[in-house]
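This is what each chain is made of:
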Amino acid sequence: MKVTREHYRSVKDLPSAEFVAPGSPLCAGCGGLTTLRLFHKVLGGKVVVVNAAGCMTLMATYPFTPLRSSWLYTTMASPSAGAQGLRDALDILIESGRLPADENLEVLVLAGDGSTIDMGLSSTSGAIHRGLNFWYLCYDNEAYGNTGFQASPASPLGSLTATSPLGTPWSKKDIFEIWRSHRPPYVATISPHDAVDLAEKIERARPLCGPKLFVSLATCPPGWGFEPAMGDELAKLAIETGIWPLKEATDGSIRHTFIPEHRRPVEAYLEPQRRYRHLFHPDRRDDVIAAIQAAVDRYWDAAIASERC
Ligand SMILES: Cc1ncc(C[n+]2csc(CCOP(=O)(O)OP(=O)(O)O)c2C)c(N)n1
Ligand code: SF4
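Residues numbered from 1 in each chain as written. Chains lettered and ligands numbered in written order. Predicted model: local features only at pLDDT ≥ 70, side-chain atom pairs only at ≥ 80, totals over all residues. Heavy atoms only, no water.

## Let's talk about the overall build of the protein chain
For step 1, the next point in the chain: Secondary structure summary: the protein chain contains ten helices and eight strands in total.
For step 2, the next point in the chain: Its C-alpha atoms give the protein chain a radius of gyration of 19 Å, within 12% of the compact-globule value 19 Å for 309 residues.
For step 3, the next point in the chain: With 309 residues in all, the protein chain has 50% of them scored as buried.
For step 4, the next point in the chain: Across the protein chain, contacts joining residues at least 24 apart in sequence account for 69% of those joining residues at least 6 apart.
For step 5, the next point in the chain: For the protein chain, the centre of its 31 positive side-chain charges and the centre of its 34 negative side-chain charges are spaced 1 Å apart. (Helix = DSSP H or I, 4+ residues; strand = E, 2+ residues; numbered from the N terminus. Rg over C-alpha atoms; globule rule 2.2 N^0.38 Å. Buried < 20%, exposed > 50% of the residue type's maximum accessible area, 1.4 Å probe, protein only. Contact = heavy atoms within 4.5 Å. Lys, Arg positive; Asp, Glu negative; His and termini not counted. Charge placed at Lys NZ, Arg CZ, Asp CG, Glu CD.)

Structure (structure tokens):
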């Protein structure tokens, strides 16, 4: 089931302008880069990107950059503090007449899951609490990708990373709920597979003043172990199996923008990825596969029950 779309009916309705040019040192088939390209396209060109150290930092290999927008690079722990400084500076310059109002910029934090869910969470929590008017795009490749794919608290149960060679024993930290508990105006999950859903969510968030989070599943060919051409199929499978729910919370109230009523078994998503190969070869780990399936089923049973109320 899909919700009614108000702004975009198909990808043909998306703006044609590009703000991320082709050609960057990022890996072929990076789902995070696809999300950024789509996100920037819809948000528009009047943007300053505040980028925490991570894979996307590779875009700013001086003197080259594929970005047409402005860029501020921060440590992993401080993109939201950087966003606060930029927002304040822009507001003061406009208020004092030193910058024309039509030169205002949207402030967009761009950060990986490690920075978002772990190291940068404290400064972000402060920024949300202060009601900072900014956009936050987390590309969640489910590990510390840039430094060799070490486990992060976003690494899902059973996944192999450089620091969990037997499979991560924990479930992902729920950044959607962590943000939602701060009561920001808007929180959403998105996917590089569904450009229209992503674009609709940006339009719904645009009129809202305050912190706005978008968490995108970032399919990662080298870290997850799949051929770059398969990225879109995997992102689709994450939605169809129910592993990556597409949802939003406006003023705390959650709704799913797609409910996979006939969910595919999680194996369809897990088996093609090298990071889950140990669950299938040489012996099947039915216990771990069943635990992953049970968590997905529990999530959707609760979600469907609450949305029917
Ligand atoms: C305080 C600090 N510790 C470690 C590093 C080294 N470092 C640079 S990028 C990175 C990984 C970032 O992971 P994530 O935020 O998930 O983004 P990704 O690399 O996956 O894009 C690390 C550990 C750093 N820059 N700063
Ligand atoms: S390691 Fe993964 S997230 Fe990082 S650039 Fe490559 S594909 Fe993208």
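## Quick word on the site of ligand 1
For step 1, the next point in the chain: In the vicinity of ligand 1 lie 16 residues, with Cys55, Gly114, Tyr139, Gly145 and Asn146 positioned nearest.
For step 2, the next point in the chain: The separation between an oxygen atom of ligand 1 and a polar side-chain atom of asparagine 141 is 2.9 Å.
For step 3, the next point in the chain: Contact with the protein chains covers 72% of the free accessible surface of ligand 1, which is 580 Å².
For step 4, the next point in the chain: By residue class, the composition of the shell around ligand 1 is seven nonpolar, eight polar and one charged. (Near = heavy atom within 4 Å. Polar contact = N/O pair within 3.5 Å; in protein donor to acceptor, adjacent residues only side chain to side chain. Areas by Shrake-Rupley, 256 points an atom, 1.4 Å probe, with all protein chains shown as cover. Nonpolar A, V, L, I, M, F, W, Y, C, P; charged D, E, K, R; others polar.)

## Some details on the site of ligand 2
For step 1, the next point in the chain: Every residue near ligand 2 is listed here: Leu26, Cys27, Cys30, Cys55, Asn141, Cys220, Pro221 and Pro222.
For step 2, the next point in the chain: Taken together, the residues that form the shell around ligand 2 break down as seven nonpolar, one polar and no charged.

## Describing the pairing of strand E6 (residues 211-217)
For step 1, the next point in the chain: Burial of E6 is extensive: seven of the seven residues sit out of reach of the surface.
For step 2, the next point in the chain: Of the two faces of E6, both are covered, the one formed by Pro211, Leu213, Val215 and Leu217 as well as the one formed by Lys212, Phe214 and Ser216.
For step 3, the next point in the chain: Bridge count for strand E4 (residues 134-140) against E6 is seven bridges, and the pairing is parallel. Bridging across to E6, aspartate 140 finds its partner in leucine 217.
For step 4, the next point in the chain: Direction of pairing for strand E5 (residues 186-190) relative to E6: parallel, over a ladder of five bridges. Across the sheet, valine 187 pairs through a bridge with leucine 213, a residue of E6. (Pairing = 2+ DSSP bridges.)

## Description of the side chain of serine 164
For step 1, the next point in the chain: With respect to the helices and strands, the residue serine 164 is situated in the loop between E4 and helix H5 (175-180).
For step 2, the next point in the chain: In terms of polar contacts, serine 164 uses its side chain to reach the backbone carbonyl oxygen of serine 159, at 3.3 Å.
For step 3, the next point in the chain: Only 2.6 Å separates the side chain of serine 164 from the side chain of threonine 161, close enough to count as a polar contact.
For step 4, the next point in the chain: When near neighbours in sequence (up to four residues on either side) are disregarded, serine 164 contacts Ala151 and Ser159.

## Section: the packing of helix H1 (residues 31-43) against helix H6 (residues 195-205)
For step 1, the next point in the chain: Contact geometry for H1 and H6: axes closest at 10 Å, N-to-C directions at 40°. On the basis of their axis angle, the class for H1 and H6 is oblique. In the crossing of H1 with H6, the sense of the turn from one axis to the other is right-handed. For the pair formed by H1 and H6, the contact residues are Thr35, Leu38, Phe39, Val42 and Leu43 on the first element and Ala195, Leu198, Ala199, Ile202 and Glu203 on the second.
For step 2, the next point in the chain: For the contact of H1 with H6, a count of residues per class yields eight nonpolar, one polar and one charged. (Axes fitted to C-alpha atoms, helices over the stretch in contact; angles between N-to-C directions. Parallel < 35°, antiparallel > 145°, perpendicular 65-115°, else oblique. Left-handed = near helix turned anticlockwise from the far one by under 90°.)

## Observations regarding the packing of aromatic side chains
For step 1, the next point in the chain: What the rule picks out here adds up to ten aromatic pairs.
For step 2, the next point in the chain: With a centroid separation of 5.3 Å and an interplanar angle of 80°, the aromatic rings of tyrosine 299 and tryptophan 300 are classed as edge-to-face.
For step 3, the next point in the chain: On the basis of relative accessible area, tryptophan 300 is assigned to the buried category, the value being 1%.
For step 4, the next point in the chain: In this structure an aromatic cluster arises from ring pairing among Phe39, Trp135, Tyr186 and Phe214.
For step 5, the next point in the chain: Lying across the ring of tryptophan 135, lysine 212 places its NZ or CZ 5.0 Å from the centre. (Phe/Tyr/Trp six-rings, centres within 6.5 Å; stacked < 30°, edge-to-face > 60°. Lys NZ or Arg CZ within 6 Å of the ring centre and 35° of its normal.)

## Observations concerning the pattern of salt bridges
Two side chains that carry opposite charge are able to pair once their charged atoms sit near each other.
For step 1, the next point in the chain: Following the criterion strictly, the structure yields 20 salt bridges and no others.
For step 2, the next point in the chain: Arginine 5 serves as the salt-bridge partner of aspartate 194, at 3.4 Å between the closest nitrogen and oxygen. One end of the pair, aspartate 194, is in the loop between E5 and H6; the other, arginine 5, is in the segment before H1, with 189 residues separating them in the sequence.
For step 3, the next point in the chain: The closest approach of N and O atoms between arginine 264 and glutamate 240, which form a salt bridge, is 3.4 Å. Here arginine 264 is found in the loop between strand E8 (253-258) and helix H9 (267-270), whereas its partner glutamate 240 is found in helix H8 (residues 231-240), with 24 residues between them in sequence.
For step 4, the next point in the chain: Judged by relative accessible area, arginine 264 falls into the partly exposed class, the value being 38%.
For step 5, the next point in the chain: Residues participating in the shared-partner salt-bridge network are Asp140, Glu142, Lys172 and Arg275. (Salt bridge = Lys/Arg side-chain N within 4 Å of Asp/Glu carboxyl O.)

## Overview of the pairing of E8
For step 1, the next point in the chain: In this sheet, E8 lies alongside strand E7 (residues 246-250) in antiparallel orientation, the contact comprising five bridges. If you follow alanine 249 over to E8, its bridge partner there is isoleucine 254.
For step 2, the next point in the chain: The antiparallel pairing of E7 with E8 creates a hairpin that spans two residues between the two strands, and aspartate 251 there sits at a positive phi of about 50°.

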